6 protein chains.
Amino acid sequence: MNLSTLTWTEVESYLKTKNSLILPIGSTEQHGPTGLLGTDHLCAEAVSAGVGAKLQMMVAPSVNYGMASHHMAFSGSATLRPSVYQAMLADIFRSFYAHGFRRFYVVNGHGGNINSVGAVFQELKHEGMQGASFALYNWWKLPEVEAVSKKYYGDKDGFHATPTEVSLTFHLAGIDHRPFEETPQKGNAPWPMTAQEVRQVFPTGAMKSDPGLARGEHGKVFLDLAVQSIANAIQQAAVIE
Amino acid sequence: MNLSTLTWTEVESYLKTKNSLILPIGSTEQHGPTGLLGTDHLCAEAVSAGVGAKLQMMVAPSVNYGMASHHMAFSGSATLRPSVYQAMLADIFRSFYAHGFRRFYVVNGHGGNINSVGAVFQELKHEGMQGASFALYNWWKLPEVEAVSKKYYGDKDGFHATPTEVSLTFHLAGIDHRPFEETPQKGNAPWPMTAQEVRQVFPTGAMKSDPGLARGEHGKVFLDLAVQSIANAIQQAAVIE
Amino acid sequence: MNLSTLTWTEVESYLKTKNSLILPIGSTEQHGPTGLLGTDHLCAEAVSAGVGAKLQMMVAPSVNYGMASHHMAFSGSATLRPSVYQAMLADIFRSFYAHGFRRFYVVNGHGGNINSVGAVFQELKHEGMQGASFALYNWWKLPEVEAVSKKYYGDKDGFHATPTEVSLTFHLAGIDHRPFEETPQKGNAPWPMTAQEVRQVFPTGAMKSDPGLARGEHGKVFLDLAVQSIANAIQQAAVIE
Amino acid sequence: MNLSTLTWTEVESYLKTKNSLILPIGSTEQHGPTGLLGTDHLCAEAVSAGVGAKLQMMVAPSVNYGMASHHMAFSGSATLRPSVYQAMLADIFRSFYAHGFRRFYVVNGHGGNINSVGAVFQELKHEGMQGASFALYNWWKLPEVEAVSKKYYGDKDGFHATPTEVSLTFHLAGIDHRPFEETPQKGNAPWPMTAQEVRQVFPTGAMKSDPGLARGEHGKVFLDLAVQSIANAIQQAAVIE
Amino acid sequence: MNLSTLTWTEVESYLKTKNSLILPIGSTEQHGPTGLLGTDHLCAEAVSAGVGAKLQMMVAPSVNYGMASHHMAFSGSATLRPSVYQAMLADIFRSFYAHGFRRFYVVNGHGGNINSVGAVFQELKHEGMQGASFALYNWWKLPEVEAVSKKYYGDKDGFHATPTEVSLTFHLAGIDHRPFEETPQKGNAPWPMTAQEVRQVFPTGAMKSDPGLARGEHGKVFLDLAVQSIANAIQQAAVIE
Amino acid sequence: MNLSTLTWTEVESYLKTKNSLILPIGSTEQHGPTGLLGTDHLCAEAVSAGVGAKLQMMVAPSVNYGMASHHMAFSGSATLRPSVYQAMLADIFRSFYAHGFRRFYVVNGHGGNINSVGAVFQELKHEGMQGASFALYNWWKLPEVEAVSKKYYGDKDGFHATPTEVSLTFHLAGIDHRPFEETPQKGNAPWPMTAQEVRQVFPTGAMKSDPGLARGEHGKVFLDLAVQSIANAIQQAAVIE
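Asker: Explain the interface of chain E and chain A to me, using residue names and the numbers behind them.
Answerer: Taken together, the 44 residues of chain E in the interface contact 44 residues of chain A. Each partner contributes to the roughly 3,600 Å² buried at the junction of chain E and chain A, and carbon and sulfur atoms together form 54% of this total. Where chain E touches chain A, the interface holds zero salt bridges. Taken together, chain E and chain A are joined by 13 residue pairs in polar contact (both at pLDDT 80 or more). Counted by class, the side of chain E that touches chain A contains 18 nonpolar, 20 polar and six charged residues.

Asker: Hey, could you go over the relation of the copies chain E and chain A for me, with residue numbers and the actual values?
Answerer: When chain E is fitted to chain A, the residual RMSD is 0.0 Å, and the transformation amounts to a turn of 180° plus an axial shift of 0.0 Å. These values place the two chain copies in the arrangement generated by a two-fold rotation axis. Across chain E, the rotation axis passes nearest the C-alpha of Asn 115 of chain E, at a separation of 2.3 Å. Interface overlap between copies is the fraction of interface residues in one copy that are interface residues in the other; for chain E against chain A it reaches 100%, indicating a shared surface.

Asker: Give me the packing of aromatic side chains: which residues, what numbers.
Answerer: Enumeration over the complete set of coordinates arrives at 84 aromatic pairs over all chains. Between the aromatic rings of Phe 93 of chain A and Phe 121 of chain A, the centroid separation amounts to 6.0 Å while the plane-to-plane angle is 70°, which identifies the pairing as edge-to-face. Of this pair, Phe 93 of chain A sits in helix α3 (residues 82–99) while Phe 121 of chain A sits in helix α4 (residues 114–126), and the two are 28 residues apart along the sequence. Residue classification places Phe 93 of chain A among the buried residues on the basis of a relative accessible area of 3%. What makes Phe 121 of chain A buried here is its relative accessible area of 8%. Centre to centre, the rings of Phe 104 of chain B and Phe 134 of chain B are 5.4 Å apart; their planes meet at 15°, and the pair counts as stacked. Of this pair, Phe 104 of chain B sits in strand β3 (residues 103–108) while Phe 134 of chain B sits in strand β4 (residues 133–138); the two residues are 30 residues apart in sequence, bridging distant segments of the chain.

Asker: Talk me through the arrangement of the chains; I want residue IDs and the actual numbers.
Answerer: One finds no contact linking chain A with chain F; the least C-alpha distance across the pair is 11 Å. Chain B makes no contact with chain F; the smallest distance between any of their C-alpha atoms is 18 Å.

Asker: Any details on the environment of Gly 118 of chain B? Residues and values, ideally.
Answerer: Within the element layout of this structure, Gly 118 of chain B appears in helix α4 (residues 114–126). For the pair Gly 118 of chain B and Gln 86 of chain B, spaced 32 residues apart in sequence, the C-alpha to C-alpha distance is 9.3 Å.

The rules behind the values
Residues numbered from 1 in each chain as written. Chains lettered and ligands numbered in written order. Predicted model: local features only at pLDDT ≥ 70, side-chain atom pairs only at ≥ 80, totals over all residues. Heavy atoms only, no water. Contact = heavy atoms within 4.5 Å. Buried area = accessible area lost by both parts, 1.4 Å probe. Salt bridge = Lys/Arg side-chain N within 4 Å of Asp/Glu carboxyl O. Polar contact = N/O pair within 3.5 Å; in protein donor to acceptor, adjacent residues only side chain to side chain. Nonpolar A, V, L, I, M, F, W, Y, C, P; charged D, E, K, R; others polar. Least-squares fit on C-alpha atoms with pLDDT ≥ 70 in both. Phe/Tyr/Trp six-rings, centres within 6.5 Å; stacked < 30°, edge-to-face > 60°. Helix = DSSP H or I, 4+ residues; strand = E, 2+ residues; numbered from the N terminus. Buried < 20%, exposed > 50% of the residue type's maximum accessible area, 1.4 Å probe, protein only.

Next comes the structure, spelled out in structure tokens:
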């Protein structure tokens, strides 16, 4: 149930019996020399679509730009300042809340967005958005997904341009695999790093990961797992009892 | 050349000989009882993809949310405050400028975005973004497109949920046509209208238009025309001489 | 009816039968070596005063600073960032709206303000400013004015420090004319330009115009034309019917 | 030396030997049933013009809107939020500083602006605006002016819509005097007051003052005194030695 | 080494050989009917002082207000909007960075601050704050602390007004213990909750915790544990190798 | 009555009969080579605590950071931009107002905060914070305090790192006195100064003062005087009658 391809009258009907909305958020940023710049929003969109189909839930249009300043030393990366990103997300939630949506499920494809998303939830609470619930799902951190990543890649999944996320986009893009030549990490820098520090320490953009292990067929596994796990989580959505 | 599905190394190569970027911007908002909520970003994306293919130019990920406060009385519409929208767009341009992009072509699907886009161009000039050029293409206002709209729909194209834009999305979505029952306009209100005023005056969301005239095959014509017209405009891009 | 020289009790009386307000907005920026830095606000004020007198409408104090960053490489120019300019204008409208003004007629003397004014109208709509109508009159773009500019100056009116606007200020300042020596345009730059680019391409500050053609007596004609045209437009103020 | 009626080349010449700028700032707000809404900016402009003429100093266009929220319960008053007002003033100073102005003399007509002006000076220092000096002259608080106010009006000058400021505008507007019927103060409220509280306690808008004592001829005296006092102060401008 | 009680010359000396700064951040908010409103900043200050003493590190003055909107339905709680809180923290870091501090250790006493602190670190990276490292220590979540909480309180530690944090403040304030009568949770609400929802579900302000178990002597244990654990963590501060 | 060490139920009880709140605000900034960096907040806290005890009034946690950009060229100083500082203070007042506090007494230890505090009071009035009263006490400027400063130090009190404020902190910190070698002022600079200008003109950070005259026993006198003076002022708190 893709909100973009529905009419306002169809959404109005949906809201008579349901109040859930899935919002995919991602980023546009380097994912190493073999990964796609759109990895984070492509993954979030695909997982969201799967969950929406499985649970008959409405999926909002994807937010394709996120907080990625630490990747800015690699061509094609784009970033919003955290303050701007938070203001934008807050307006989107306010909009959908105004129509009666109440249960918001954010499917996130990018680690750099997490703090800001949490702060937005708080900003909205601060305003007194009664009855709204917010849940954030970072698909690659779901225990079920991490278990399989571990099985496939051991300690080579790293923390950026991971074979896990690269596999998922390969599946989406019909790519089987791409060779990747590991480059030794050049020293280190305190974390969090600036863009210049990331470039210097991780010259390819892959961070302690080996995206050469990525396979399109793995991606299908990860997609299904992430969809199923989030669908389960939503259905058991913890309330404080 | 979809930036989302390329790698940072491919963008780096592109920037060795080119510095153009197409940015599709749209909105998520009601388009009458038969039009899609994503009409404005779907059209912008499709036209951008066409222009990118024709001119071998890089196309950035779409900005799916815009300034649509006047549509907020119809379910599923979303809006960013102009100030927030401008801050977000400015960050996107700053990001791509940092990598060496200089010629920015914005393909816009929504009238409500126009003022803000212009203000962003000025804000960036204010900062002294040397060497950057900005052009805004509102695809539905291109003379070539307007001429055919006139031919097909006479004075029934109106100014929102027009058969022109609805046709383009029908083409994209594989819809032939959908019946639309016109509802008489209920009085009037000073323009620009608030959300409540739009709802009251135009109860279906269509504004002086008859989207029942939309046809998928028309959409194909409009898409090709818009792509060709913008491609021409870019190639002849007026500089002050 | 100059609000500045009336008392609050007089405005209160006015509001019992009327709800219109004219707001002159301009800029402080270079207008070539013969034009006045205050051209844009002086013209807006004069035109506003004329319209106010003709229609017995209240005229608010002028906003003398605008969005002029592209003129900052010429001494004496001043500029507000678009975001700041918009926030200021919005507060002014909110203030007058709070007293019961509803029909706002903005008489603008500067092209650089246009995007921001439009965005402010949208921001106010976003807030739900019920019953307010906004109209923007760029006095030099009125068809009646443009026709006479064309008659007097042919293609020498250009687009900044035009003989049209310079004439109007000469009329106000009691100047007959001032000689102007054209300087060849030095190459070109993509538009919109930064301050440095404007200075380089148009070394005198006049942009494709010949302000040496300006005459005080022309200014009287333009002033009368602009006043009459805007008065007509206000009286026929289009509502959507 | 009115910057608005000079050309950029004239300002450039001025800056070869001088770097002083006078900025008149005022407000648009009620001044009781006999005082003008523009009192604060009209006074600031007149005093500034006088000082500029006496010292051959450049005078910038007036800022006609200020921080006047406490007067908003009287028709015709307008106000900027302090945060917006500060942002606007800061941009104006930044603009003139960029051209080489260094000594800024702010002639203020409104008490409500004082805190914000001080905060702006600090914000600019925070940015490191080297070599700039800022001085604020509240014309009605100059000792020479206060002494004559005391002589003319004793304890009837009050603190808003004072006969002192009303006299100055009467002089400018060619008014001799206007009768004023005092209304008893209705209780009191903690200071600072909101708009509603001011209206309730001071129903005419005059605050502990008797503007019925104002005379046009007094205004001439005040204007000359203020001009002379500020000119003296500027010439002896205290540096820390 | 309390920066507040040192002189600038002493800090200058410190910076010749060290570049570490500990910043305690807390909140002012309800901690149930027996806990102190200042719990979160009192704990952060005490732990910071201990770490500073143990490692001979500079400790900056405490930030006593935080993001606590969900506690606002209980008297005495105060909150900053996340956007404001982030802007303030960023200025503090920028200040100390300007003097040469590079390793920032934030000792946090309040869960509601976590997202904003993370976003601030990113905002500073976005600006390119080269060479700075940031670490956040939420003292009550340290594994060593959690283990003892579990031992003392089992599943009665809950997640707000926990006996752990209450014990620490009792130790600081010389209180032995205070009786607490548990009130049954009233239903539930989706998390995160607004202020009204928290009040309704957790009428005493304690959230699934039994602060009646708190003991001053426990607090001493927690304080020592937290100090030791953070000191250890700082000394082993993970860099990416 | 230190709010930080009370419970929400105790504050609730207090608010049944009282609505006063004392807020200490200070700064973290250089106070010469012998004065403490925390001087301004330590003094504000101590004076506030004294007033609170004498009048049985609630004292909120101290705001330890202020507007100190002009001191940033001395190690250990920290500053908030005026705009950020104002936003933070406003949120604190809004929070306490929400619980029923109405009479706000700000005890300030730093001159650089004064403009911003005044602007915040106005911003809150702008919002219509009915029934709230605000008073600002700059403890070192109280006539009673100034008289004793004059008696003790004659014209050596200067205007920063004054023996008055240094004495008060010496009293608090148990210091008797510290020797101070005066350094000749190096020329002068227009006021207000940037950080670099302050450093250059006043190389020790003391500004026209001789903190070598400070004595701990003086501090006790100043503290008692300030407490008594503010307590008197609060009790006679001027309302407009």
